[in-house]
Amino acid sequence: MFILGISLANQVHATWQTYIMIIIYFIILLIIGYYGYKQSTCNLSEFMLGGRSIGPYVTALSAGASDMSGWMIMGLPGSVYSTGLSAMWITIGLSLGAYINYFVVAPRLRIYTEIAGDAITLPDFFKNRLNDRKNYIKIISGLIIVVFFTLYTHSGFVSGGKLFESAFGLNYHWGLIIVAAIVIFYTFFGGYLAVSITDFFQGVIMLIAMIMVPIVALIKLNGLDTFSEVAAMKPTNMDLFKGTTFLGIISLFAWGLGYFGQPHTIVRFMSIKSHKLLPKARRLGISWMVIGLLGAVTVGLTGIAFIPQYHIKMEDPETLFIIMSQILFHPLVGGFLLAAILAAIMSTISSQLLVTSISLTEDFYKLIRGEAKAKTHEKEFVMIGRLSVLLVAIIAIWIAWSPNDTILNLVGNAWAGFGAAFSPLVIFSLYWKGLSHAGALSGMITGALVVIVWIAWVKPLASVNEIFGMYEIIPGFLASVIVTYLVSKITKKPGEFVEHDLNKVKEIVKE
């Protein structure tokens, strides 16, 4: 398992100090998992949502760390390195989307999910909000979560495999298994509390890494003059608008639309102690996000000058951060920075595994077993939740065994699926009294199907016309909004209790 290795072009050497830092990091995660197991996994609500008792700072950093994943440290720098500054539009769209999410979704969702039968999953909330007695919405939304999150989780395992292959010279498959084993352990036993605490811890590590690497890189190169050199190497490198098209900018900017419907992110809003603590969470969370994303962009830009100056042959741009962190720093610090990459990868995988296991347990098994037995069979449902973590992980590992796409593309596909299926429905559910059962169901299905069709059959036509290369969340989101609104208008509206609940939510938010 712990075999010394040499990475790309014999430039990066894994030493015993590096391994010590990684082992220490793994031990900390396992301790947190054990703590979570002892503290809050005696019933389903605690295992799945931490008993709605999470503080603002853990909420903020766990939301950020679970959201950003390996693509912020590996995918985004690689994209900037390959494309130039125009790849930064994704960071602008994501930052705005996350900021708006804290205002538009967070407070109402925290309040409404508790009022609506103390729902602990999005499908459960949709069911209660729309009085879905036949559970159609719950089942379909649960299926969407399971399918897209399994694909999303596998992108994290791909990141982990690439990390161990690049930094340690370890076989990709062994790296994948090591990452999976650690994540499965603390998620399986520790549940939501362990995932949230580890995400907080990992968020701190990620922030330090994204500040250290670009600053030291600039010092080792030519300071701020490095950016002038990068611009001279290729004019589009430092131009926010060149090197891309208007449609390309819109596509990157549209990533922000996905925030309102990402289950692993908005579940953090549902678990915070009180909606009154959300402003504190917002200030820390958005600050963390902006600094981290700007650091990732700077890593990509400095890498354009760094790689040729150090005569490195880099086959995969998404390993840029790994190479720079290992060359610029002492092995102990380099090990810490590799732990930061693992933190980014593991925080997202654990959140996705947990949310998927919640859906399998709450939205499927409980229906089969009988919801009336939930209170008297708490230990059984917690065990099913744990087994669901294992099942989803095994399937994701199987898919990741033979990777055939970039990390950024893998994440982008899953992000679009959730954004198109759930973002419009979440907003309609929280703000519109006219939302009907049929409108919600048809809009959600339309959004998911449009994304799948666009990826499979429309995007390959981009060479014929640029518009076909549009990011799939745009047509999916728009189609979902239109279908949800029109179908709701022509079908029976929900009962009067919905209006009463919406008014109650508004009153509580204003307090």
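Thresholds applied
Residues numbered from 1 in each chain as written. Predicted model: local features only at pLDDT ≥ 70, side-chain atom pairs only at ≥ 80, totals over all residues. Heavy atoms only, no water. Helix = DSSP H or I, 4+ residues; strand = E, 2+ residues; numbered from the N terminus. Rg over C-alpha atoms; globule rule 2.2 N^0.38 Å. Contact = heavy atoms within 4.5 Å. Lys, Arg positive; Asp, Glu negative; His and termini not counted. Charge placed at Lys NZ, Arg CZ, Asp CG, Glu CD. Phe/Tyr/Trp six-rings, centres within 6.5 Å; stacked < 30°, edge-to-face > 60°. Salt bridge = Lys/Arg side-chain N within 4 Å of Asp/Glu carboxyl O. Buried < 20%, exposed > 50% of the residue type's maximum accessible area, 1.4 Å probe, protein only. Polar contact = N/O pair within 3.5 Å; in protein donor to acceptor, adjacent residues only side chain to side chain. Core = buried A, V, L, I, M, F, W, Y, C linked by side-chain atoms within 4.5 Å.

Looking only at helices and strands, one finds 19 helices and 0 strands in the chain. For the chain, whose C-alpha radius of gyration is 22 Å, the value lies close to the compact-globule estimate of 24 Å for 511 residues. On the principal axes, the C-alpha backbone points of the chain span a range of 70 × 55 × 45 Å. By sequence separation, contacts in the chain at least 24 residues apart represent 83% of the contacts at least 6 residues apart. Here the chain contributes 34 positively and 27 negatively charged side chains, and the mean placements of these two sets differ by 7 Å.

Given two aromatic rings, their pairing is described by the distance between the two centres and the angle made by the two planes. Under the criterion given, the structure shown has 18 aromatic pairs. Site record: aromatic cluster; members linked through ring pairs are Tyr112, Phe125, Phe126, Phe148, Phe149, Phe418 and Phe422.

This part is about the pattern of salt bridges. With the rule as written, the count across this model stands at 4 salt bridges. Residues aspartate 199 and arginine 268 are paired through a salt bridge, measuring 2.5 Å at the closest nitrogen-oxygen approach. A residue pair is termed long-range when its members are at least 10 positions apart, and aspartate 199 in helix H8 (residues 172-220) and arginine 268 in helix H11 (residues 263-271) qualify at 69 residues. The same class applies to aspartate 199 as to arginine 268, namely buried.

Turning to helix H6 (residues 122-129), a few remarks are in order. Turn by turn, an α-helix covers 3.6 residues, leaving residues three or four places apart pointing in a common direction. In terms of burial, H6 is a largely internal element, 7 of the 8 residues being buried. For H6, the complete set of buried residues consists of Leu122, Pro123, Asp124, Phe125, Phe126, Lys127 and Arg129. The distance from a side-chain oxygen at the start of H6 to the backbone nitrogen of aspartate 124 is 3.0 Å, and the residue carrying that oxygen is threonine 121. Asparagine 131 occupies a position one or two residues after H6 and carries a positive phi of about 55°.

Among soluble globular proteins, nonpolar side chains are generally buried collectively. Among the nonpolar cores identified, the biggest contains 155 residues, and Phe157 and Met346 are the most heavily contacted of them. For this core, the leading source of residues is H8, giving 20 residues. Non-local contacts of methionine 346, meaning those with residues more than four positions away in its chain, are made with Tyr25, Phe26, Leu29, Val179, Ile182, Val183, Tyr186 and Gln202.

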